[in-house]
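# Chains, contacts and geometry: an overview
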Amino acid sequence: MSLLSFQSLRSICIAATLMGTAQLSLASPTVDQLSDCLVKSTTATDKTVVLKWTFAALGSHPELKAFSNVSDEQKVQLDQNFAAVLQRILVEQCATQAKAVIQADGVEGVGASFQELGSITGEEILKTPEIKSQLNGVLRYVDLNKLVMTFLTPEFFNKLGV
């Protein structure tokens, strides 16, 4: 088995963290096993570290910079904290599963293994009252009548068997 380069590992971590949606066409048993290990090994504190890093990373995008006020020192600290979480989980807690995924599915399998963790973390984020409030704010500007008229057609009801 060849060693992962820093660049490859960095790319995997960034893609898996920001999107949480990288996946193989059919998840192999090794991908599922690593996914389970990642979910079980990630604490609430770990998820907070990942959330903060993700926010800072997204805030670096030119279209989002005006909404983020993260200093260079804070970015360095966030990078260090996130690296520590990734290293602990992948190297200490889920090393056996990570090696198996790399051997069976390549480095893409590691990214695919983060999908479930990303999904669970995203669901938890959406449950916070502040996020729910922000999402509800959007609904004030959506014309629900247009949505109903567009999607609740007789054809739609027929497909539902109503």
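Residues numbered from 1 in each chain as written. Predicted model: local features only at pLDDT ≥ 70, side-chain atom pairs only at ≥ 80, totals over all residues. Heavy atoms only, no water.

Summarising the model, the protein chain shows a mean pLDDT of 83, and 83% of its residues fall at 70 or more. Taken element by element, the protein chain is modelled with least confidence in helix H1 (residues 6-19), mean pLDDT 50, and with most confidence in helix H4 (residues 72-93), mean pLDDT 95. Within the model, the stretch residues 17-25 combines pLDDT values under 50 with 23 contacts to residues more than four positions away or in other chains. (pLDDT = per-residue confidence, 0-100. Helix = DSSP H or I, 4+ residues; strand = E, 2+ residues; numbered from the N terminus. Contact = heavy atoms within 4.5 Å.)

Running from N to C, helix H2 (residues 29-41) and H4 point in directions that differ by 125°, and their axes come no closer than 11 Å. Taken together, H2 and H4 sit at an angle that is classed as oblique. The interaxial crossing formed by H2 with H4 has right-handed handedness. Here Cys37, Leu38 and Ser41 of H2 lie close against H4, whose contacting residues are Arg88, Ile89, Leu90 and Gln93. In terms of residue class, the contact of H2 with H4 is made up of four nonpolar, two polar and one charged. (Axes fitted to C-alpha atoms, helices over the stretch in contact; angles between N-to-C directions. Parallel < 35°, antiparallel > 145°, perpendicular 65-115°, else oblique. Left-handed = near helix turned anticlockwise from the far one by under 90°. Nonpolar A, V, L, I, M, F, W, Y, C, P; charged D, E, K, R; others polar.)

So, on to the nonpolar core. In this structure, Leu34, Leu38, Cys94 and Phe114 are the most contacted members of the largest nonpolar core, which totals 21 residues. Counting residues per element, the ones that place at least two in this core are H2, helix H3 (44-59), H4, helix H5 (95-105) and helix H6 (107-126). When residues of this core are assigned to their parent elements, the largest contribution, six residues, is made by H4. When neighbours within four sequence positions are excluded, Cys94 is seen to be in contact with Leu34, Cys37, Leu38, Ser41 and Ile89. (Core = buried A, V, L, I, M, F, W, Y, C linked by side-chain atoms within 4.5 Å. Buried < 20%, exposed > 50% of the residue type's maximum accessible area, 1.4 Å probe, protein only.)

Here we come to the packing of aromatic side chains. Evaluated as defined, the whole model comprises one aromatic pair. Ring centres of Trp53 and Phe82 lie 4.5 Å apart, and the angle between their planes is 25°; this geometry places the pair in the stacked category. In this pair, Trp53 is assigned in helix H3 and Phe82 in helix H4, connecting sequence segments 29 residues apart. One exposure class covers both Trp53 and Phe82, and it is buried. (Phe/Tyr/Trp six-rings, centres within 6.5 Å; stacked < 30°, edge-to-face > 60°.)

What follows is about the state of the cysteines. Inspection of every chain in the model, using the stated rule, returns one disulfide. The partner cysteine of Cys37 in its disulfide is Cys94, sulfur to sulfur 2.0 Å. An S-S torsion of about -95° defines the bridge between Cys37 and Cys94 as left-handed. Pair noted here: Cys37 is in helix H2 and Cys94 is in the loop between H4 and H5, with a separation of 57 residues, a long-range link. For Cys94, a relative accessible area of 0% translates into the label buried. (Disulfide = S-S within 2.5 Å.)

Another aspect to go through is the environment of Lys40. Relative to the assigned elements, Lys40 resides in helix H2. As a C-alpha pair, Lys40 and Cys94 span 54 residues in sequence and 9.7 Å in three-dimensional space.

Right, let's talk about helix H8 (residues 144-151) for a bit. Little of H8 is tucked away: zero of the eight residues are buried. N-capping of H8 is provided by Asp143, with a side-chain oxygen placed 3.1 Å from the backbone N of Asn145. (Polar contact = N/O pair within 3.5 Å; in protein donor to acceptor, adjacent residues only side chain to side chain.)

Next up on the list: a nonpolar patch on the surface. Taken together, the side chains of Val138, Leu139, Val142, Leu144, Leu147, Val148, Met149, Phe151, Leu152, Phe156, Phe157 and Leu160 present a nonpolar region at the surface, about 1100 Å² in accessible area. Residue assignment for the nonpolar patch shows that the elements contributing at least two residues are helix H7 (129-139), H8 and helix H9 (154-160). No other element matches the five residues that H8 contributes to the nonpolar patch. (Patch = residues over 30% accessible without salt bridge, like charges linked within 9 Å, V, L, I, M, F, W, Y side chains within 5 Å. Areas by Shrake-Rupley, 256 points an atom, 1.4 Å probe, with all protein chains shown as cover. Salt bridge = Lys/Arg side-chain N within 4 Å of Asp/Glu carboxyl O.)

All right, on to the environment of Gln80 then. Within the fold, Gln80 resides in helix H4. Along the chain, Gln80 and Val49 lie 31 residues apart, while their C-alpha atoms are 9.9 Å from each other.

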